Amino acid sequence: MKARTKPGSRGVCEPQRTPAWAVVLATAAALLATGCTKEPGVPKVQKFSETREVMGTLATITAVCGKGVDVPRAFDRAFSVLDSVEALMSAHREDTEIARVNAAAGGTPVPVSPWTVAVVESALAACKLSGGAFDVTVGPLVELWKASARAETLPSPEAIDRALALVGPSGVEIAAGPGGARVGLKRMGMRIDLGGIAKGFAIDRAVEALQAEGVEAGIVEVGGDLRCFGRIPRALIGAKATLPVRTRRLRKPRAGGSGFFPGLRRTKGVRLEDLTRWPIGLQSPFEDEGLLGKIRLGDQAVATSGHYRRFVEIGGHRFSHIIDPRSGQPVGHPASVSVLASSALIADALATALTVLGSEAGLAMVDTLEGIEALIVEGDPQRPTILKSSGFPPLEPLGASDGRSRDP
Ligand code: AMP
Ligand code: MG
């Protein structure tokens, strides 16, 4: 026979029992702590994303985070890294370190930050690796072709020769000193242009900033170049988020338009399980909204160069913004080059280099490099040809909802 006890009281001989309400409370607390609704121990995560205008283009950061990460702070830190790289290295602003180096060309080397010297050194290494196809001293030629576009006339062969005489990596001086490094240019009129590599460097630093804030998986994308890290739960790649980002330059919002970037967006929480690689859409160079297909990336970066992205127009003809430093002429082929690498800096520099080298020499170079793969699109919109290095990941067909949305 059971001892009858009044509610709230307990018989003296009865073993100590935890009241039901305490069990409920303790379970709820445990679930809240793990963020899990079913199996304790499997935390819940959300996908966060935000787009801002940075480095003269649009940047989107995506992060998969659980509790314990100060997401707004992590995003602010990563975006401010992108701004800092722009503030140090843009050749188009007068107040940057690179602008000061260019202004002092022919004179005394200028003190620069460790970041700027690191990018200049990497650029010189990429120049060597690519046999001179990637050359950040191409600045005088870039400026000449831009000025010609403004004047709506082709540059004369003499003007091209004069600019070519100011191009070449041997004209760059890097001096280490007690107060830090200095970068100089030996001849007056020389000009460094880090437009083909600084974005990649900035992406790498922004990824590090997110990781330092405790973000374990995400993507930093700037103007179509991106680096992924970690893995995403398959449940977060839902119907509206099949492609978190695509490698393309986004159209800018109309001036004065409001509400285009609504700040930090977030998905519902899902359990941190069934992790998968990031599906990334590769932009077709021939269609504004078209994608070639998607690839799956783990801890990898992909950068795309091509004249469909940026060009100058003279007499109704489009000329690429990428110049062959050997001839002084804008490159005509291929239409686009996407390079995969472990760092965004390498992917960015090599995508530009391969655009100059062309498909045959470019793919031959890639085949000699560990961990680098490339996909090249040639031909025209009617007859596009896709060439790939041997280890390029399979280009998967797109699903019905692919490419429609950048955010969940
Ligand atoms: P990307 O879009 O990364 O291919 O970079 C293109 C930018 O790199 C151009 O807008 C120029 O600022 C710069 N650039 C042009 N030609 C070259 C070249 N041959 N080597 C290095 N940078 C270049
Ligand atoms: Mg580049």
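Residues numbered from 1 in each chain as written. Chains lettered and ligands numbered in written order. Predicted model: local features only at pLDDT ≥ 70, side-chain atom pairs only at ≥ 80, totals over all residues. Heavy atoms only, no water.

**Q** Honestly, the coordination of the magnesium ion (ligand 2) in this entry has me stumped. Any pointers?
**A** Under ideal tetrahedral coordination, the four donors around a metal are separated by 109.5 degrees; under ideal octahedral coordination, the six donors are separated by 90 or 180 degrees. Every protein donor of the magnesium ion (ligand 2) is listed here as Gly196 (O), Asp348 (O), Asp348 (OD) and Thr352 (OG1), and their distances to the metal cover 2.0 to 2.6 Å. Site description for the magnesium ion (ligand 2): donor spacing in sequence, G-x151-D-x3-T. Of this pair, Gly196 sits in the loop between β5 (180-185) and α7 (198-212) while Asp348 sits in helix α8 (residues 344-357), placing them 152 residues apart in sequence. (Donors = N, O, S within 2.8 Å, 3.2 Å for Na, K, Ca; no water. Helix = DSSP H or I, 4+ residues; strand = E, 2+ residues; numbered from the N terminus.)

**Q** How should I be thinking about α7 in this particular structure?
**A** In an α-helix there are 3.6 residues to a turn, and that puts residues three or four apart on one side. Its 15 residues place the ends of α7 21 Å apart at the C-alpha level, agreeing with the 21 Å of an ideal helix rising 1.5 Å per residue. Of the positions making up α7, those classed as buried are Ala198, Lys199, Gly200, Phe201, Ala202, Ile203, Asp204, Arg205, Ala206, Val207, Ala209 and Leu210. Packing partners of the buried residues in α7 comprise β2 (57-65), α2 (71-89), α4 (114-129), β6 (217-222), β7 (225-229) and α8. Once α7 ends, the next one or two residues include Gly214, with phi positive near 95°. (Expected span 1.5 Å × (residues − 1). Buried < 20%, exposed > 50% of the residue type's maximum accessible area, 1.4 Å probe, protein only. Contact = heavy atoms within 4.5 Å.)

**Q** Honestly, α8 in this entry has me stumped. Any pointers?
**A** The end-to-end C-alpha distance of α8 is 20 Å, a good match for the 20 Å that 14 residues give at a rise of 1.5 Å each. Of all 14 residues making up α8, 13 are buried, and the element is well covered by its neighbours.

**Q** Just checking my understanding: could you explain the site of ligand 1 for this structure?
**A** Close to ligand 1 lie 16 residues; Asp135, Asp193, Ser305, Ile323 and Thr352 are nearest. Within the backbone of Asp135, one N or O atom sits 2.9 Å away from a nitrogen atom of ligand 1. Relative to its unbound accessible area of 500 Å², ligand 1 is 97% covered by the protein chains. It is α8 that provides the largest number of residues to the shell around ligand 1, a total of three residues. Broken down by class, the residue content of the shell around ligand 1 amounts to seven nonpolar, five polar and four charged. (Near = heavy atom within 4 Å. Polar contact = N/O pair within 3.5 Å; in protein donor to acceptor, adjacent residues only side chain to side chain. Areas by Shrake-Rupley, 256 points an atom, 1.4 Å probe, with all protein chains shown as cover. Nonpolar A, V, L, I, M, F, W, Y, C, P; charged D, E, K, R; others polar.)

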